[in-house]
Every structure is written in structure tokens, then in C-alpha cells.
Amino acid sequence: MRIWGCCVKFLLIHMDSAAQDFQPRTFSIKLWPPSDSTRLLLVERMTKNLSTESIFSKKYGLLGKEEAHENAKRIEQECFSSADEHFRKEPDGDGSSAVQLYAKETSKMMLEVLKRGPRTTAEPEASVVDTPREPADTVFDISGGKRAFIEADEAKELLSPLTKPGNSYRRICFSNRSFGIDAANVAGPILESVKDQLTEVDISDFVAGRPEDEALDVMRIFSKALEGSVLRYLNISDNALGEKGVRAFTDLLKSQENLEELYVMNDGISEEAAKALSELIPSTEKLKVLHFHNNMTGDEGAMSIAEMVKRSPNIESFRCSATRIGSEGGVALAEALGTCTRLKKLDLRDNLFGVEAGIALSKTLPKLPELIELYLSDLNLENKGTVAITNALKQSAPQLEVLELAGNEINAKAAPALAECLTAMQSLKKLILAENELKDDGAVIIAKSLEDGHTDLKELDVSTNMLQRVGARCFAKAITDKPGFVKLNMNGNFISDEGIDEVKKILKDGKNSVDVLGPLDENEPEGDPDEEEEEEDAEDDDGELGSKLHNLKTEQDD
């Protein structure tokens, strides 16, 4: 991975300039830990990379410098902690393996941020739980405006409305404000004075930029102050918690037996942190929303999350996307979800499930009769896993409104099963099949299944599927007379100029205008899908050869 290579090179150059002064080879040089200046330089380098135009920004959007810097600091802190823990387990080494881990994890997390794109006002996703809107005088929210560091005097002024006798605040949001220890000492007694009336607490992203020890102390103060409150909603996302952070919230978490919504997103939730979270919350029977998006959970952590899921039969929205869960963890989660018979929204995107976990999920889907939205993109399902899932959905989920299966290496062989499934889903509003390998053969079959009915369909994404003229025309015909249709994305394919003209004519002649056609700036009119596959095969061969050569060199070195 190019990003990883750059990180390794950067770290080796800057790790310790003093090492260059040692000439005798008998000296042993420690590469870990990096100096504070090196860590700061890495943050600056990541900030620049995250906020600079690239192939990722063209596809997912460009991060602003402030958001890029926030992500860079979070990534560096989480990866340093992980690598440092690794180094402590092998203190006799020179630290090279810790450096490699530091660079590798940094690269992975940077790629995740780039693919996630810039933060929007739509995040976090709207809950599927129907919660009546509170009158303005019951909501206390200081999250507006630019991110700011809050110290004692400002905290006293900001939180003064909470100190007024007879106030009726039930929902508080402290997100986007970074509390130091002095500010937390001011906030603690105030929160404790109103905790009995609170039902919703959002303390996401409230220690950004603080040193770890100070951040943990702030968390403990807030946790102790809110202990015993009877909350239905708790959001502790964007705090780079890790296990230490989760345990810093022990007092608060242990006292919660009525939670209906819990958000722990972008928190560095590792295997140990997931286990701690599962242990600390005494009851999840009332949970309706459980979101773990963008963590470093892995298979072992997934086991702990699966245990939480098993104890949460009333979940209606479960999100565990971008959490590095592989086949074993995917199977465990799929099986656990079988107890959530009221599930309406399931988001497992961007994990490493593979075919086996896909098949396990297909066995669970028939147990979810109320499912409305299903997000399964980037799970490495391949044809076998996809066919198993679509066969299950065909029988059990005709009411589905959103189906995402992008980036799963699906080709024309899976198209008949997928088409049968889509024919049964007459309530479908959004279908995402981007970044697969359908080609024209698969496109013809799938487009045919969408022609009749599907009057509620509003969005179809078949971008980056090696489509040519025939496939593009078929999809245009399939949607051209759908009332209320909004967006057809066919970018990143190999549609000829004549094919694009035909697509536009089909749309003009139908009930929808050309305005529903998305941008085609990444379309390659002269492209050839067969050549694309040959290049990918060659890259795979080169990668395998490189891996063998690397292993050979390692053996020789040993």
C-alpha cells in the first residue's frame, strides 16, 4: 500500500536523527519510541495528505484542513498507543516491529478516513427510533460553532443556564467543545445537580486535543457526575477511548439499565475496549439503537459485541461498519443478530467478512421480518456469499427499501439470483451495486428485473462495473419512467460517447429528464473491460511474486 510505504519511509528518516551519529556497528539503536517532534511531524504530514486533492478526494470528497488535522491527531494517538503496547510485550527488541505496526495502522486509518470523506451535517445517521421532538427549553446544546477548548471561566459561563432553579433541561449536548481538567471540575457539580432530570446525554468529541491523562481524568469527572442518571440516549463517540477511556466511564455505564440508544463510534474500540464495554453495561434489554462505526474492533472484539447483541433483543438499528471484523467475527455477529427480530436497519459495511460470514448472515436474515435498510457494501462477499444472501432476502424481505452491495466482487454469474431477489422487492427506494464486475452481461439481467413495478425507486448506483453501451442503455430504460426517480450513477465505466448520447435520449423520451443522470467525469469511453481484468490479474501476480520475494529475503536474513 502506497500510504503505508510513505509512512514507513517517513518514520525511518525522522525516528531519531541522533542515530546517524553512531558509526560503530556494535552499538544497538532503539527505534522506539519516536520523539515528540517526530510524532508532531507525522501529524503534520498526515494532515497535509488528508487535505490534499487525490483520487480519493475526487471520489469521496476533500477534507478541510481543520477536520484533517483532527483526524490526524486522533489517528496518531491511537496508533502510538497500540504500537507502544506492542513494544512493551517485546522490550528486548530494537523497536522495529513497533515502528512497522505504527506505520501500518496509521496507513489503514488514513485510508478509512479518506474513504469516509468529509464530515457532513447528516452524520451521525438519523435514528430509526421515533423520538418526539423536545421543546427548545428542554434541550441544552453548546456544540455549535467552531471547535473550542473550554477552560474553567468559560465553562462556568456556558453552563450557567443549567444552574438556574426550576430549569427543565432533559437533553444536553457538549460535543465539539474540548474540556480541560479545570473546566471539568466546574462542569461536574453542575451536571450532578441536574442528572436526575436528564434523559439524553451527548458527550461525543469533548476531550479533543487533550493529553491522554488529562482526557481520562475529564472522562472520570463527567462519569461520576452523571452516575445514577436514568438515560435513554448516550453518545460517547469521537473520544479516542480505547480500553482506558471505556473504563474511565465505569461509574456512568454501570448505572445505566434503561438505555435505548448507545453510540460508540470512532472511539478506537479495540478487542479489550469492546470486552470492557460489554462487561460494564448492566442491561441492554431496552436498547433500540447500537452503533459501533469506525473502530478497530477486529474478530476478538466482535465476540464481545456479539454478546451485547444477544442481550439486546429489541434493537431496531445496528451499525458495526468499518470495524476490521473478519470471517470469524462476522459469523459470530451474524448468529447473534438472529435474536434481534425487531431489527429495521442493519449496517455492516466495510469489513472483511468474506464468503463464510456472508453465508452465516444469509441464515439470519429470514429471522428479521421487519428489516427495511440493509447495508452490506465492501464485505468481500463474492458471488457465493451474495447469492446466499439474495436468495434469503427474496423470501424474507420483500419490504426492503434500501439495499447496498457495492464492492463485493459480484459478476454476471450472480446476476440471475440478484435479479430474482430484486423482482420481489417492489418497495425498493435505493439500490447500490457500485464497484463490482457486472459488465453488460450482468447489467442486462439486473436491469430487466427493475423495469416492471418498482415505482418507489429513487436511486440506482451501478458505477465502476465495467459497463459499456448495452449495459448503460438497459439501466437507463429500467428507470426512465419511474415517478420520483432522482439519481442514476453510471460513472467510472467504459460507456462510449454514442452510448452516453443514447442514454440521454432514453431519459429525455421518458418521464425523467437527463437531470437524474449523475456525473460521468470518470467514465472512459475508450476503455475495455477485458483489458482492465488482464491488468488486475497482472497486478495480483506481481503482488504474489513480491510477497514471495519478501519472504525469501526474510528467511535469508534469519
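Residues numbered from 1 in each chain as written. Predicted model: local features only at pLDDT ≥ 70, side-chain atom pairs only at ≥ 80, totals over all residues. Heavy atoms only, no water.

Undergrad: What is the right way to read the overall build of the protein chain from this model?
TA: Of regular secondary structure, the protein chain possesses 20 helices and 15 strands. A buried classification covers 50% of the 558 residues belonging to the protein chain. At a minimum sequence separation of 6, the contacts of the protein chain that also span at least 24 residues come to 86%. When the accessible surface of the protein chain is totalled, it reaches about 25900 Å², and 49% of it is carbon and sulfur. (Helix = DSSP H or I, 4+ residues; strand = E, 2+ residues; numbered from the N terminus. Buried < 20%, exposed > 50% of the residue type's maximum accessible area, 1.4 Å probe, protein only. Contact = heavy atoms within 4.5 Å. Areas by Shrake-Rupley, 256 points an atom, 1.4 Å probe, with all protein chains shown as cover.)

Undergrad: Looking at this model, I keep getting lost on the pattern of salt bridges. Mind explaining?
TA: Pairing between side chains of opposite charge can happen when the charged atoms of each approach one another. Tallying each qualifying case throughout the model produces 28 salt bridges. The salt bridge involving R232 is made with E260; its shortest N-O contact spans 3.4 Å. Taken as a pair, R232 in the loop between α8 (212-226) and β6 (233-235) and E260 in the loop between α10 (250-254) and β7 (261-263) lie far apart in primary sequence, 28 residues in all. Judged by relative accessible area, R232 falls into the buried class, the value being 14%. Three or more residues joined by partner-sharing salt bridges are found here, namely R171, E200, R232, E260 and E261. (Salt bridge = Lys/Arg side-chain N within 4 Å of Asp/Glu carboxyl O.)

Undergrad: What's the story with a nonpolar patch on the surface in this structure? I'm lost.
TA: A grouping of V444, I445 and V470 is seen on the molecular surface, where their side chains present a nonpolar patch of about 200 Å² in accessible area. Within the fold, I445 resides in helix α17 (residues 439-451). When its relative accessible area of 33% is taken as the criterion, I445 is described as partly exposed. (Patch = residues over 30% accessible without salt bridge, like charges linked within 9 Å, V, L, I, M, F, W, Y side chains within 5 Å.)

Undergrad: Looking at this structure, I do not really get a negative patch on the surface. What am I missing?
TA: Negative charge collects at one region of the surface, where E85, E271, E272, E300, E328 and E356 lie side by side. For E271, the location among the structural elements is in helix α11 (residues 271-280). (Lys, Arg positive; Asp, Glu negative; His and termini not counted. Charge placed at Lys NZ, Arg CZ, Asp CG, Glu CD.)

Undergrad: What is the right way to read the side chain of H293 from this model?
TA: Along the polypeptide, H293 turns up in the loop between β8 (289-291) and α12 (298-310). In this view, H293 contacts R116, V264, M265, N266, R319, S321 and A322; residues no more than four positions away in its chain are not counted.

Undergrad: What am I meant to see in helix α15 (residues 382-396) here?
TA: One turn of an α-helix holds 3.6 residues; hence residues three or four places apart share an orientation. End to end, α15 covers 21 Å across 15 residues, agreeing with the expected 21 Å (1.5 Å per residue, within 8%). The set of residues buried in α15 consists of N383, G385, T386, I389, T390, A392, L393 and S396. Residues of α15 that are buried make contact with α14 (354-364), β11 (373-375), β12 (402-404) and α16 (415-424). (Expected span 1.5 Å × (residues − 1).)

Undergrad: Explanation requested: the side chain of R232 in the structure shown.
TA: There is a polar contact of 2.8 Å between the side chain of R232 and the side chain of E200. Looking at R232, its side chain comes within polar contact range of the side chain of E261, at 2.7 Å. (Polar contact = N/O pair within 3.5 Å; in protein donor to acceptor, adjacent residues only side chain to side chain.)

Undergrad: Mind showing me how you'd approach the nonpolar core here?
TA: In summary, soluble globular proteins display a tendency toward joint burial of nonpolar side chains. With 124 residues, the main nonpolar core has F174, F179, F222, F318, L348 and L403 as its most contacted residues. It is α8 that provides the largest number of residues to this core, a total of 8 residues. One finds M46, I75, A98 and M109 within the second-largest nonpolar core, a separate group that totals 20 residues. (Core = buried A, V, L, I, M, F, W, Y, C linked by side-chain atoms within 4.5 Å.)

Undergrad: Please explain unusual backbone geometry as it appears in this structure.
TA: Leaving glycine out, the prevailing phi sign among residues is negative, and the prevailing peptide bond configuration is trans. Within the chain, D205 stands out as a residue other than glycine whose phi angle is a positive 50 degrees. Locating D205 in the fold gives a position in the loop between β5 (200-202) and α8. Backbone geometry places E435, a non-glycine residue, at a positive phi of 55 degrees.

Undergrad: Help me out: how do you make sense of the packing of aromatic side chains in this one?
TA: Working definition: an aromatic ring pair is given by the centre-to-centre distance plus the angle between the planes. In total, this model carries 9 aromatic pairs according to the counting rule given. Between F179 and F222, the ring centres sit 5.3 Å apart and the planes meet at 75 degrees, which makes this aromatic pair edge-to-face. A residue pair is termed long-range when its members are at least 10 positions apart, and F179 in strand β4 (residues 177-179) and F222 in helix α8 qualify at 43 residues. On the accessibility criterion, F222 (0% relative accessible area) is buried. Taken together, the ring pairs connect F140, Y169, F174, F179, F206, F222 and F249 into an aromatic cluster. The side chain of R39 reaches across the aromatic face of F80, ending 3.6 Å from its centre. (Phe/Tyr/Trp six-rings, centres within 6.5 Å; stacked < 30°, edge-to-face > 60°. Lys NZ or Arg CZ within 6 Å of the ring centre and 35° of its normal.)

Undergrad: Looking at this structure, I do not really get the environment of V113. What am I missing?
TA: The topology assignment puts V113 in helix α5 (residues 96-116). On the basis of relative accessibility, which here comes to 1%, the residue V113 falls in the buried class. Here the alpha-carbon distance between V113 and L63, two residues 50 residues apart in the chain, equals 9.1 Å. Setting aside its immediate chain neighbours within four residues, V113 contacts L50, L63, N71, R74 and I75.

Undergrad: Before we go on, may I ask you to explain the packing of α11 against α12 in this structure?
TA: The packing of two helices is summarised by the inter-axis angle and the distance between the axes. Contact geometry of α11 with α12 gives a least axis separation of 7 Å together with a crossing angle of 15 degrees. The angle between the axes of α11 and α12 places the two elements in the roughly parallel class. Crossing of α11 against α12: the hand is left-handed. Facing E271, A274, K275, L277 and S278 of α11, the residues of α12 in contact are E300, G301, S304, I305, E307 and M308. (Axes fitted to C-alpha atoms, helices over the stretch in contact; angles between N-to-C directions. Parallel < 35°, antiparallel > 145°, perpendicular 65-115°, else oblique. Left-handed = near helix turned anticlockwise from the far one by under 90°.)

Undergrad: Help me out: how do you make sense of helix α7 (residues 181-194) in this one?
TA: With 14 residues, α7 should cover 20 Å at 1.5 Å per step; its first-to-last C-alpha distance of 20 Å lies within 8% of that length. The largest bend in α7 is about 25 degrees, located at A187, with the proline P189 one to four residues further on. Regarding α7, the residues found buried are A183, A184, A187, G188, I190, L191 and V194. The elements touched by buried residues of α7 are β2 (148-150), α6 (152-158), β3 (171-173), β4 and α8. (Bend = angle between axes of the 7 residues up to and from the residue.)

Undergrad: Help me out: how do you make sense of the environment of N71 in this one?
TA: Relative to the assigned elements, N71 resides in helix α4 (residues 65-88). Using a relative accessible area of 6% as the deciding quantity, one classes N71 as buried. For the pair N71 and M110, spaced 39 residues apart in the sequence, the C-alpha separation amounts to 8.3 Å. If we skip the residues at most four places from it in the chain, N71 touches L50, L63, V113 and R116.

Undergrad: So what exactly am I meant to see when it comes to the packing of α4 against α5 here?
TA: Remark: α4 packs on α5, axes separated minimally by 9 Å, with the N-to-C direction vectors making an angle of 150 degrees. Taken together, the axes of α4 and α5 lie roughly antiparallel to each other. Helix-helix and strand crossings are classified by hand; for α4 and α5 the assignment is right-handed. Every residue of α5 that contacts α4 at N71, R74, I75, E76, E78, C79, F80, S82, A83, H86 and F87 is listed here: S97, A98, L101, Y102, E105, T106, M109, M110, V113 and R116. Its residues placed into classes, the contact of α4 with α5 shows 11 nonpolar, 5 polar and 5 charged. (Nonpolar A, V, L, I, M, F, W, Y, C, P; charged D, E, K, R; others polar.)

Undergrad: What should I look at first to understand the confidence of the model for the protein chain in this one?
TA: Segments scoring low in pLDDT should not have their predicted coordinates read at a detailed level. Chain-level statistics for the protein chain give a pLDDT mean of 86 and a share of 85% at 70 or above. In this model, residues 16-27 is a region of pLDDT below 50 whose contacts with residues beyond four sequence positions or in other chains number 3 contacts. Here residues 538-558 scores under 50 on pLDDT; set against residues more than four positions off or in separate chains, the count is 0 contacts. (pLDDT = per-residue confidence, 0-100.)

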